[in-house]
Amino acid sequence: MAGNSMLWCSCYRSVGLGLLFSWLFVYSYSANEPLQSNTFTVSSFRYPQTEVKPYDLRYIRVDLPPWFSSVYVAVESDVDLDEKSISKVPKSQLPVICFRDGSPPLPDVLNSSSIQLGLFPLSNGSFPEFRGSQNVQCYPMQKNLTLKLTNEQISPGVWYLGLFNGIGPTRTQSKMIVRSPAYSFSANISVEGCRASTLWGQYCDQTVDLLSCSQSNSYNFTDNTPNENFQTSETGFSCKSFEASCHEESEPRVYSLEVVDLVEQLTIAATNFSINGSPSSNGLIANEVNLMYFVRHGAMPSVALHDYSGDLIKAPFVLRSPNVGRWFITVLPSNLSKEIGATEIAATKVCYSISWQVLGCPVGKAGLNCTSLRYMLQTNLRRDNSPFESYYLPVSEKLSPDSANFPLEPLSGNTSYGGEAEDSWSYFILNIPHGAAGGNIHIRLTSDAKISYELYARFGGMPSINNWDYYYAYKNRSSDGSMFFMLYDSSEQKVDFYILYVKEGTWAFGLRSLSASNSSSLGQTIMSISVERCPKRCSSHGECKVALDASGLTSYSFCSCDRTHGGLDCSVEVVSQQRHIWQSIALIASNAAAILPAYWSLRKKAFAEWVLFTSSGISSGLYHACDVGTRCVLSYNVLQFMDFWLSFMAVVSTFVYLATIDEAFKRTIHTVVAILTALMAITKATRSSNIILVIAIGTLGLLVGLLIEFSTKMRSFCIGMELCINMTSRWHNVKSWMNNLVKTILRRFRWGFVLVGFTALAMAAISWKLESSESYWIWHSIWHVSIYSSSFFFLCSKVDYGSSDPEGPVDTEYHLTRQSSFPRA
């Protein structure tokens, strides 16, 4: 008893010293602020311009200290959506911003009704109250979003902003190419704070009376206090102050108390009532006057917004298992203007004394009567590279620390809870460390007989049958409908579930053991509690990846699934097995179209082009075989680079081949093109504008080749400068030269093949543009056939004059021109 008392006193002294040093830091930090203001800037954070790619996400962590007054959030983006257009955007491509208290939001597990499509634009007035650890609010991303949230709306602690570009099961699906639009955003976040701990409100203009606590072994509360359930083994803290608090009907009084540990009960009572300080009016107050109280956790309560309310004159406020943190109570007298007797009382004030009491249990005990067992769970880190992955074991001499599992029977209590003889409770307490809010608590129960336990979980407070965040009783009675509760196995002998993206801090698990007379008690039940990064290890259909939020203070994990699966744990089959087989065949087999240009190049002894087309078809087939999950002969990134680079090179080389120039010039053009296309393939290879750039580069290479070719002909035509000047001075010679040039170009190509080649190239561009995550397999297969066919038709369009007349009709025309113009010189 004495040791536990010293522990409680040291806890409150530690909190007091922490607040003292915090305020010393606050005042030193804000020395340059104007003294007349009650607020100052606690922190200011700017998130730079950042691109959110399709199916990508960004998290921003905002820490709100206990003395914060308001937080400003300003987000600017290039998203251009309104209420009409937003309904046409599928959820898998919808830009979304989400808010959550305590841990990162997960919109993938939300119902569509959770996304408030009607609140447009999001404003201070439309921002709802957050109640409970499961509450997540998501809204369509807006072009300009500005919010100011005060300590009267939200509680201090850690808040997260999540920015998503598409939600749903397909967000984590592996995709070879994504055609959805990306968007960029920037954010400014500023936190304002109050200069004194006794100030509260948006502008820190409201006074709060802080209640101090001292240990007490006797309770002098009114008869309405249910002390009959308490035993002398409990530790109490009597918080008394303001023996003569007097205020009028329209004058509220606000008190606050900090609960620093898991306790069993919080009691608030008022005594010594009087009107205007006259003790003789005590009886009249009990009959006519109301002393209303409004209680709220983490924020100042009001008549419209509170957690609990009642009349302190009629009964004290009793709260079992209060949450850890700061509690506020507003006391507001009412009915003071009524006539008492025959005389109307003017400027009436009610006076009273208010008392607070916190009850806790000794170490190792819990429950309202301190007869249940309580165990602290010790953290044991796993031997791998994943941060914060660990398993937990109770600190008890009854267990061996050699295993990550522990039996429940030696730890179960044999006493009832709440006076019910048919069940008993045991409690397990664990702490999620700072920065691990992106982890998942994994709980598993296995038994060689029927499991006779129910489990209740709660953050920041002791759970019970009526007060919990998550629970499991049996298959059809659990939190399975919760968005952050994932139940995998539910049978008479095995229970397996996850609590997703848990808050950092103290978690309490209450294990309710059912009637001992049940035959199932003959078996042994094994329990395991652990923190894992990805649920179910991504169901063997993906890879678990770890990232940091914008501040670098929180580590969160997510699954990168394969081609056929998606969802938070890769358990959702996005593509059926039969459909996947057909998609794989289409994507791989369509690369056989590369045989057409490769065969033609080999036949014409264009060995460089033959190697290029052959390598392009093979690399594309290997890349798609790797992506669909058949086999990866090289790493995925290498195969992807080779596929795009060789495809770009094949398109450009086709155009260069059409120009008849020396090999030295052709090698130079190929070198320049290889550098440009390699840069395109390594940086944003999948963007739609690449097809335009590749065609432009190929066309430019063809024009450069033709320019080199005809400039060579011109040099052979212009023997001397005087001849050239004489030729250009005669219009009919220039006209004749231009006509011969057009005839040469017309004779150079088979224009039927050119027309078919451009048609196939246009089809390739259309299929590239129409590609989406759902129809990628069909349009990209058409792209393979179209692009290789267009190269084949372009290669066939070139006229080969043969080795006997390497210059063809071009030389003849130029020679005749020189003969006709020479005598005139």
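What counts, and where the lines are drawn
Residues numbered from 1 in each chain as written. Predicted model: local features only at pLDDT ≥ 70, side-chain atom pairs only at ≥ 80, totals over all residues. Heavy atoms only, no water. Helix = DSSP H or I, 4+ residues; strand = E, 2+ residues; numbered from the N terminus. Buried < 20%, exposed > 50% of the residue type's maximum accessible area, 1.4 Å probe, protein only. Contact = heavy atoms within 4.5 Å. Areas by Shrake-Rupley, 256 points an atom, 1.4 Å probe, with all protein chains shown as cover. Pairing = 2+ DSSP bridges. Axes fitted to C-alpha atoms, helices over the stretch in contact; angles between N-to-C directions. UniProt positions renumbered as here; feature names shortened; annotations may be inferred. Core = buried A, V, L, I, M, F, W, Y, C linked by side-chain atoms within 4.5 Å. pLDDT = per-residue confidence, 0-100. Phe/Tyr/Trp six-rings, centres within 6.5 Å; stacked < 30°, edge-to-face > 60°. Lys NZ or Arg CZ within 6 Å of the ring centre and 35° of its normal. Parallel < 35°, antiparallel > 145°, perpendicular 65-115°, else oblique. Left-handed = near helix turned anticlockwise from the far one by under 90°. Nonpolar A, V, L, I, M, F, W, Y, C, P; charged D, E, K, R; others polar. Patch = residues over 30% accessible without salt bridge, like charges linked within 9 Å, V, L, I, M, F, W, Y side chains within 5 Å. Salt bridge = Lys/Arg side-chain N within 4 Å of Asp/Glu carboxyl O. Disulfide = S-S within 2.5 Å. Polar contact = N/O pair within 3.5 Å; in protein donor to acceptor, adjacent residues only side chain to side chain.

Asks: For this particular structure, what's the right way to read the overall build of the chain?
Replies: Secondary structure summary: the chain contains 14 helices and 39 strands in total. Across the 825 residues in the chain, those meeting the buried criterion constitute 51%. In the chain, once contacts between residues fewer than 6 apart in sequence are set aside, the share between residues at least 24 apart is 75%. Carbon and sulfur atoms make up 57% of the accessible area of the chain, which totals about 37500 Å².

Asks: When you look at the sheet that holds strand β7 (residues 157-165) in this model, what are you seeing that I'm missing?
Replies: In any sheet, the strands associate via hydrogen bonds between backbone groups, in a parallel or an antiparallel arrangement. Pairing is antiparallel across the open sheet formed by four strands, whose spatial order is β2-β7-β4-β5. The strands lining the two open edges of the sheet, one partner per strand, are β2 (57-64) and β5 (136-140). Adjacent strand axes in the sheet meet at a mean angle of 20° when their direction is disregarded. In this structure, strand β4 (residues 95-101) lies alongside β7, joined through seven bridges in antiparallel fashion. Across the sheet, the residue bridging to aspartate 101 is tryptophan 159, located in β7.

Asks: Looking at this model, I keep getting lost on the UniProt feature "domain: EGF-like" (unreviewed entry) in the chain. Mind explaining?
Replies: The UniProt entry lists residues 559-570 under the feature "domain: EGF-like" (unreviewed entry), expressed in the numbering used here. What you have in residues 559-570 is 0% helix and 42% strand, and the ends, taken at the C-alpha atoms, are 7 Å apart.

Asks: Looking at this model, I keep getting lost on the environment of asparagine 135. Mind explaining?
Replies: With respect to the helices and strands, the residue asparagine 135 is situated in the loop between β4 and β5. Residues asparagine 135 and aspartate 101 lie 34 residues apart in sequence; the distance between their C-alpha atoms is 7.7 Å.

Asks: Is there a simple way to think about the UniProt feature "transmembrane region" (unreviewed entry) in the chain in this case?
Replies: In the numbering used here, UniProt assigns the feature "transmembrane region" (unreviewed entry) to residues 644-661, 668-685, 691-708, 751-770 and 776-796. Secondary structure content for residues 668-685 is 83% helix and 0% strand, while the C-alpha to C-alpha distance between its ends is 24 Å. Overall, residues 751-770 shows 100% helix and 0% strand. The separation of its end C-alpha atoms is 29 Å.

Asks: Explanation requested: the nonpolar core in the structure shown.
Replies: Generally speaking, a soluble globular protein has its nonpolar side chains buried in company with each other. Counting 81 residues, the largest nonpolar core has Ile441, Trp507 and Phe509 as the members making the most contacts within it. Ignoring sequence-local partners within four residues, the contact set of isoleucine 441 consists of Leu430, Ile432, Phe497, Tyr498, Ile499, Val502, Trp507, Phe509, Ile529, Ser530 and Val531.

Asks: Even after reading the chapter, I still don't get the confidence of the model for the chain, so can you show me in this structure?
Replies: Detail in the predicted coordinates should be disregarded across regions flagged by low pLDDT. Per-residue confidence for the chain averages 77 on the pLDDT scale, and 76% of its residues sit at or above 70. This model gives residues 416-421 a pLDDT under 50, and the stretch forms 14 contacts once residues within four places in sequence are excluded. Counted against residues more than four places away or in other chains, residues 719-723, with its pLDDT under 50, gives two contacts.

Asks: What am I meant to see in unusual backbone geometry here?
Replies: Comment: phi is negative for the bulk of residues other than glycine, and the bulk of peptide bonds are trans. Phi angles above zero are rare outside glycine, and cysteine 204 is one such case at about 55°. Relative to the assigned elements, cysteine 204 resides in the loop between β9 (199-200) and β10 (206-207). Its identity is not glycine, yet serine 539 carries a phi of approximately 55°, on the positive side. Considering the arrangement of structural elements, one finds serine 539 in the loop between β35 (525-532) and β36 (542-548).

Asks: Mind showing me how you'd approach the packing of aromatic side chains here?
Replies: Any pair of aromatic rings gets described here by the distance separating the centres and the angle formed by the planes. If you walk through the whole model with that rule in mind, you get 28 aromatic pairs. Taking 5.8 Å as the distance between ring centres and 15° as the angle between the ring planes, the aromatic pair formed by tryptophan 425 and tyrosine 427 counts as stacked. Its relative accessible area of 1% is what places tryptophan 425 among the buried residues. Ring plane angle 15° and centroid distance 6.3 Å describe the contact between tyrosine 470 and phenylalanine 485, whose orientation is recorded as stacked. With tyrosine 470 in strand β30 (residues 470-474) and phenylalanine 485 in strand β32 (residues 485-490), this pair connects stretches of sequence that are 15 residues apart. The same class applies to tyrosine 470 as to phenylalanine 485, namely buried. These aromatic residues form a ring-pair network of at least three members: Phe459, Tyr470, Tyr472, Phe485, Phe497 and Trp507. Lying over the aromatic face of phenylalanine 484, arginine 100 brings its terminal NZ or CZ to 3.7 Å of the ring centre.

Asks: I tried to follow the packing of helix α5 (residues 595-603) against helix α6 (residues 607-627) on my own but got confused; where do I start?
Replies: Following both chains from N to C, one finds α5 and α6 inclined at 160°, their axes separated by 8 Å at the closest point. As summarised for this structure, α5 and α6 are arranged roughly antiparallel, according to the angle between their axes. When you trace α5 past α6, the crossing you get is left-handed. Between α5, through Pro597, Ala598, Ser601 and Leu602, and α6, the contact on the second element is made entirely by Phe607, Glu609, Trp610, Phe613 and Thr614. The residue inventory of the contact of α5 with α6, partitioned by class, reads six nonpolar, two polar and one charged.

Asks: Just to check I follow, could you spell out a nonpolar patch on the surface for this structure?
Replies: Side chains of Ile618, Leu622, Val633, Leu634 and Val638 sit close together on the surface and give an oily, nonpolar patch of about 400 Å² of accessible area. Relative to the assigned elements, isoleucine 618 resides in helix α6.

Asks: I tried to follow the state of the cysteines on my own but got confused; where do I start?
Replies: A covalent bond between the sulfur atoms of two cysteines is what we call a disulfide. A complete count under the given rule lists eight disulfides for this structure. What pairs with cysteine 194 in a disulfide is cysteine 204, and their sulfur atoms sit 1.9 Å apart. Given an S-S torsion of about -85°, the disulfide between cysteine 194 and cysteine 204 has left-handed geometry. On the criterion of sequence distance, the pair formed by cysteine 194 in strand β8 (residues 183-194) and cysteine 204 in the loop between β9 and β10 is long-range, its members being 10 residues apart.

Asks: So what exactly am I meant to see when it comes to the side chain of lysine 148 here?
Replies: Tracing the sequence through the fold places lysine 148 in strand β6 (residues 144-150). At a separation of 3.2 Å, a polar atom in the side chain of lysine 148 contacts the side chain of tyrosine 72.

Asks: When you look at the side chain of threonine 170 in this model, what are you seeing that I'm missing?
Replies: Here threonine 170 is to be found in the loop between β7 and β8. Excluding residues that lie within four positions of it along the chain, threonine 170 makes contacts with Tyr55, Ser92, Lys175 and Val574.

Asks: Whenever I open this one, the pattern of salt bridges confuses me. Can you help?
Replies: Side-chain pairs of opposite charge can arise whenever the charged atoms involved come near each other. Applying the stated rule across the entire model yields 12 salt bridges. Here aspartate 63 ties to arginine 61 by a salt bridge, and the two come within 3.1 Å at their closest N and O atoms. Taking relative accessible area as the criterion, arginine 61 reaches 6% and is therefore assigned buried. When the shortest N-O distance is used, the salt bridge between arginine 253 and aspartate 209 registers 2.7 Å.

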